[in-house]
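Listed here are the chains, written in short residue letters.
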Amino acid sequence: NGQRAWKYLHNHYVKEIKPKLKQPHNLNTLTTLSYMLSSYRDNSWTNGVFSQAERQQLLNLAFARWLALPNMLKGQLALALKRAGRHQEASMVFESVMNGAKSDADNGVYWPQQNRSWLWYNDRIDTHAFMLRAMMEINPQDARRHGLVQWLMLNKKLNHWKSTRATAESIYALVHYLKREQQLGVDERMVVNL
């Protein structure tokens, strides 16, 4: 069950990650772990295996070196910070990613292809969809949200979402968007005159 998985993860953290916390190659792991923990704020899911002090330490270490993170992991860090009540830091990290986005009327809001795009956290579609979902939590009234959706849908129409992970992330983000826009489950009626 889930609690056994968290216990295993904590044991791995104590034995393998904690002794090397400050090494640069652990930054991505620290960030993703902080994000995952922020997604389970109720300790009944994790059985409280990560103490509040450990969670705080992970988040602080990830934030200390956030500039070195790829865009998706910056999005994860921004969400973890926001969920921890650190709204100003969350906005700063999130805006740094959004400031790197391009925008035009035909394509919407998007980022150029990242280096080493074969890595899961550099995947263009995954990252784009995740940033849309993060925006829906961090700043749901951001006017750029429509441009993010435009690019995502245009990419699907003219290209393809190349993995099940990218497809799932995209659909999940679009559902969050539609829910925030109060367009989910809205009845649409059509009149046809022949």
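Residues numbered from 1 in each chain as written. Predicted model: local features only at pLDDT ≥ 70, side-chain atom pairs only at ≥ 80, totals over all residues. Heavy atoms only, no water.

Participant: Would you mind going over the environment of Arg 144 with me for this structure?
Facilitator: Structurally, Arg 144 is set in the loop between helix H7 (124-138) and helix H8 (145-158). Overall, Arg 144 belongs to the partly exposed group, its relative accessible area being 25%. A sequence separation of 94 residues divides Arg 144 from Phe 50, and the C-alpha atoms of the two residues are 36 Å apart. If we skip the residues at most four places from it in the chain, Arg 144 touches Glu 95, Met 98, Asn 99, Val 109 and Met 135. (Helix = DSSP H or I, 4+ residues; strand = E, 2+ residues; numbered from the N terminus. Buried < 20%, exposed > 50% of the residue type's maximum accessible area, 1.4 Å probe, protein only. Contact = heavy atoms within 4.5 Å.)

Participant: Is there a simple way to explain the packing of aromatic side chains in this structure?
Facilitator: Each aromatic ring pair is described using two quantities: the centre-to-centre distance and the angle formed by the ring planes. For the coordinates displayed, the defined rule picks out five aromatic pairs. When the centroid spacing of 5.3 Å and the interplanar angle of 50° are considered together, the rings of Tyr 13 and Phe 50 count as tilted. Taken together, the residues Tyr 13 in helix H1 (residues 2-17) and Phe 50 in the loop between helix H3 (43-46) and helix H4 (52-64) connect sequence positions 37 residues apart. On the basis of relative accessible area, Tyr 13 is assigned to the buried category, the value being 1%. Look at Tyr 40 and Trp 45: their rings are 5.7 Å apart centre to centre, the planes differ by 55°, and that puts the pair in the tilted class. Taking relative accessible area as the criterion, Trp 45 reaches 53% and is therefore assigned exposed. Of the aromatic side chains, those joined through ring pairs into one cluster are Trp 6, Tyr 13, Tyr 40, Trp 45 and Phe 50. Here the guanidinium or amino end of Arg 86 rests over the ring plane of Phe 63, the centre of that ring lying 5.7 Å away. (Phe/Tyr/Trp six-rings, centres within 6.5 Å; stacked < 30°, edge-to-face > 60°. Lys NZ or Arg CZ within 6 Å of the ring centre and 35° of its normal.)

Participant: Any chance you could explain the nonpolar core here in plain terms?
Facilitator: Nonpolar side chains in soluble globular proteins tend to be buried together. Phe 50, Leu 58, Leu 77, Phe 94, Leu 132 and Leu 152 are the most contacted members of the largest nonpolar core, which has 52 residues in total. When residues in this core are grouped by element, the largest group, nine residues, is from H7. Apart from the residues lying within four places of it in its own chain, the contact partners of Leu 77 are Thr 31, Leu 59, Ala 62, Phe 63, Trp 66, Leu 69 and Val 93. (Core = buried A, V, L, I, M, F, W, Y, C linked by side-chain atoms within 4.5 Å.)

So far we have only geometry, and geometry alone does not tell us how the molecule works.
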